[in-house]
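Letter by letter, the chains look like this.
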Amino acid sequence: QLQLVESGGGSVQPGGSLRLSCSASGERLSFYHIGWFRQAPGKEREEVSCVDNSGRSTKYKDRVKGRFTIYRDNNRHVVYLEMNGLNADDTGLYYCAAKNTFITRATCSPNGMDYWGKGTQVTVSS
C-alpha cells in the first residue's frame, strides 16, 4: 500500500511563492501518476495539476497555468508543486493523490485516485 505525506504549506502574502512536496513510501513512486488537489471550506475539491509516472506528461488547471509547475524525482520518491504568483483564490488545503496506471498521459480526477495524503494548508493573505 502506498503512503503519501504532503509538506511545504504555510502562510504567504499575495504574489509570494511556495513549494509543496509529496513524499511516498511503501511502493515505488514510478508505479503511479500523481495529482495535486485543493479544497477550500464549503467548496468542492478540485484538481490543480497532474503528472504521469515518468514525468513526461503534465496538465494544469487553466487558472494556475504559467504560475504552477509540477515535477517529480522518482529516485527520491517525491513529487513537487512549485507555486508562484499566489493570490487569495489559491488558499486551501492541498492534497496529493496517486493513481496506479501507466497510461501515457497525465491522468487524475478527484474521484478516480487510489491513495490520498492528509493535506497541507496554504493560506494567501495580506
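Just above, that's the structure.
Residues numbered from 1 in each chain as written. Predicted model: local features only at pLDDT ≥ 70, side-chain atom pairs only at ≥ 80, totals over all residues. Heavy atoms only, no water.

Trainee: Would you explain the environment of P14 in this entry?
Mentor: Mapped onto the elements, P14 comes out in the loop between β2 (10-12) and β3 (18-25). Sequence separation between P14 and N87 is 73 residues, and the spatial gap between their C-alpha atoms is 4.8 Å. Apart from the residues lying within four places of it in its own chain, the contact partners of P14 are L86, V124, S125 and S126. (Helix = DSSP H or I, 4+ residues; strand = E, 2+ residues; numbered from the N terminus. Contact = heavy atoms within 4.5 Å.)

Trainee: Looking at this structure, I do not really get the pattern of salt bridges. What am I missing?
Mentor: Side chains carrying opposite charge are able to pair once their charged atoms draw close together. Counted according to the given criterion, the structure contains six salt bridges. Across the pair E46 and K61 runs a salt bridge, and its minimum N-O distance is 3.5 Å. In this pair, E46 is assigned in strand β5 (residues 46-51) and K61 in the loop between β6 (58-60) and β7 (68-73), connecting sequence segments 15 residues apart. Connected through shared salt-bridge partners, R38, E46, K61, R67 and D90 make up one network. (Salt bridge = Lys/Arg side-chain N within 4 Å of Asp/Glu carboxyl O.)

Trainee: Can you help me understand the environment of F37 in this one?
Mentor: Position of F37 relative to the elements: it lies in strand β4 (residues 32-39). Once the C-alpha coordinates of F37 and G92 are considered, the two residues, 55 residues apart in sequence, prove to be 9.4 Å apart.

Trainee: What am I meant to see in the sheet that holds β3 here?
Mentor: Working definition: the strands of a sheet are paired by backbone hydrogen bonds and lie parallel or antiparallel to each other. Read across the open sheet, the four strands follow the order β1-β3-β8-β7; overall the sheet is antiparallel. Whereas interior strands pair on both sides, the edge strands pair on one side only; in this sheet they are β1 (3-7) and β7. Across the sheet, the axes of successive neighbouring strands diverge by a mean angle of 15°, strand direction being ignored. For β7 and strand β8 (residues 78-83), the ladder comprises six bridges, and the chain directions are antiparallel. Considered in β8, the bridge of I70 is made with L81. (Pairing = 2+ DSSP bridges. Axes fitted to C-alpha atoms, helices over the stretch in contact; angles between N-to-C directions.)

Trainee: Would you take a moment to explain the state of the cysteines for this structure?
Mentor: Linking two cysteines covalently through their sulfur atoms gives a disulfide. Tallied over the full model, the rule gives two disulfides. Across a sulfur-sulfur distance of 2.1 Å, C22 and C96 are joined as a disulfide pair. On the S-S bond that ties C22 to C96, the torsion sits near 70°, and the link is right-handed. You can see C22 sitting in strand β3 and its partner C96 sitting in strand β9 (residues 92-100), a full 74 residues away along the chain. C96 matches C22 in its accessibility class, with the two residues each being buried. The disulfide partner of C50 is C108, and the S-S distance across this bridge is 1.9 Å. Handedness of the C50-C108 disulfide follows from its S-S torsion of about 65°: it is right-handed. You can see C50 sitting in strand β5 and its partner C108 sitting in the loop between β9 and β10 (115-116), a full 58 residues away along the chain. Judged by its relative accessible area of 6%, C108 is buried. (Disulfide = S-S within 2.5 Å. Buried < 20%, exposed > 50% of the residue type's maximum accessible area, 1.4 Å probe, protein only.)

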